[in-house]
Amino acid sequence: MCVDYTDLNKACPMDPFPLPNIDQLVDETAGCALMSFLDAFRGYHQIFMHEDEEEKTDFTTPKRVFCYRVIAFGLKISGATYTRMVAKVFKQVYDPDMNEDNNRTELHLIDEKREVAATHAENYQRQAKAYHDKRVRPRYFQVGYYVLRRRKASQPLEGSKFAKRWEGPYIVTTVVRPGSYKLKTPKGKTIDKVWNTEHLLKYFQ
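Attention in this report is confined to the structure presented alongside it.

Procedures and definitions
Residues numbered from 1 in each chain as written. Predicted model: local features only at pLDDT ≥ 70, side-chain atom pairs only at ≥ 80, totals over all residues. Heavy atoms only, no water. Pairing = 2+ DSSP bridges. Helix = DSSP H or I, 4+ residues; strand = E, 2+ residues; numbered from the N terminus. Salt bridge = Lys/Arg side-chain N within 4 Å of Asp/Glu carboxyl O. Buried < 20%, exposed > 50% of the residue type's maximum accessible area, 1.4 Å probe, protein only. Contact = heavy atoms within 4.5 Å. Core = buried A, V, L, I, M, F, W, Y, C linked by side-chain atoms within 4.5 Å. Patch = residues over 30% accessible without salt bridge, like charges linked within 9 Å, V, L, I, M, F, W, Y side chains within 5 Å. Areas by Shrake-Rupley, 256 points an atom, 1.4 Å probe, with all protein chains shown as cover. Lys, Arg positive; Asp, Glu negative; His and termini not counted. Charge placed at Lys NZ, Arg CZ, Asp CG, Glu CD.

### Topic: the pairing of strand β5 (residues 180-184)
In step 1: Two elements, strand β4 (residues 166-177) and β5, share 5 bridges in a ladder whose sense is antiparallel. The partner of V172 across the bridge, within β5, is L183.
In step 2: Counting the residues that bridge the hairpin from β4 to β5 gives 2 residues, and of these G179 lies at a positive phi of roughly 100 degrees.
In step 3: Two elements, β5 and strand β6 (residues 195-196), share 2 bridges in a ladder whose sense is antiparallel. By the bridge assignment, Y181 is partnered in β6 with W195.

### Focus: the pattern of salt bridges
In step 1: Taken as a whole and judged by the stated rule, the model has 4 salt bridges.
In step 2: Among the salt bridges present, the one from D15 reaches R84, with a minimum N-O distance of 2.9 Å. One end of the pair, D15, is in the loop between α1 (6-11) and α2 (22-28); the other, R84, is in helix α4 (residues 78-93), and 69 residues separate them in sequence.
In step 3: Its relative accessible area of 35% is what places R84 among the partly exposed residues.

### What about the sheet that holds β6?
In step 1: With respect to topology, 5 strands assemble into an open sheet ordered β6-β5-β4-β3-β7, the strand pairing being antiparallel. Edge strands, defined here as strands with exactly one partner in the open sheet, are β6 and β7 (200-202).
In step 2: Direction of pairing for strand β3 (residues 146-150) relative to β4: antiparallel, over a ladder of 4 bridges. Considered in β4, the bridge of R150 is made with W166.

### Describing the side chain of S180
In step 1: Among the structural elements, S180 can be located in strand β5.
In step 2: Among residues more than four places away in sequence, those in contact with S180 are T174, V175, V194, W195 and N196.

### Description of the nonpolar core
In step 1: Listed in full, the 9 residues of the largest apolar core are F141, V147, Y170, V172, Y181, L183, I191, W195 and L200.
In step 2: For this core, the secondary-structure elements that each account for two or more residues are β4 and β5.

### Points about the environment of G74
In step 1: With respect to the element layout, G74 can be found in the loop between β2 (65-66) and α4.
In step 2: Assessed through its relative accessible area of 52%, G74 is described here as exposed.
In step 3: The sequence separation of G74 and T6 amounts to 68 residues, and the corresponding C-alpha distance is 8.6 Å.
In step 4: With residues up to four places along the chain from it excluded, the contact list for G74 reads Y5 and N9.

### A few points about a negative patch on the surface
In step 1: Together, E51, D52, E55 and D58 give the surface a local cluster of negative charge.
In step 2: Here D58 is to be found in the loop between α3 (41-44) and β1 (59-60).
In step 3: Residue classification places D58 among the partly exposed positions, given a relative accessible area of 41%.

### Considerations on unusual backbone geometry
In step 1: Cis peptide bonds are those with omega within 30 degrees of zero, and the linkage from G168 to P169 qualifies with 10 degrees.
In step 2: Within the secondary structure, P169 sits in strand β4.
In step 3: Positive phi values are uncommon outside glycine, yet K193 reaches one of about 70 degrees.
In step 4: Note that K193 resides in the loop between β5 and β6.
In step 5: Overall, the relative accessible area of 62% leaves K193 in the exposed class.

Honestly, it's all geometry; don't read function into it.
Below is the structure:
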């Protein structure tokens, strides 16, 4: 159903109340800790017309004549009236000081939740390490042992997924400390760097 309010709009004075500027509203949200999206679609139809003005919105149907008791789309002053009502409501319920206090409270709660999450993560890592150390024994090698070296550790950017995972064999020449070794090839060429146990595997001839 469509009601033509052209003549009524010509007779109504213009309401100078400014409509909101979308760009300005978006800029004002910068720095806010919280933002709420309010769907006021139904609220638009809850602004009642003045009883003396209801008859001016009447329209005729085949059965009878009707008029709007609430604000209707198509009226020239609908947008400004609704905007004024929303601004008035928020002016009554919005307290800058209270809002700032609520933001601080929310930020404190967020910091507290982060600390709790960090503590849980640290405890989980500690338990995982204890479980691993209890069931996995480190490999130790002696001087003269033949070992294989993980190819991905020595050449991480070379080779395809079908390349060999281990290369060698190599000979352990020095135990720098438990779990760290220096290697050489069977022909006597010294291998650069110190290699850890996790990248070595014992080679059985």
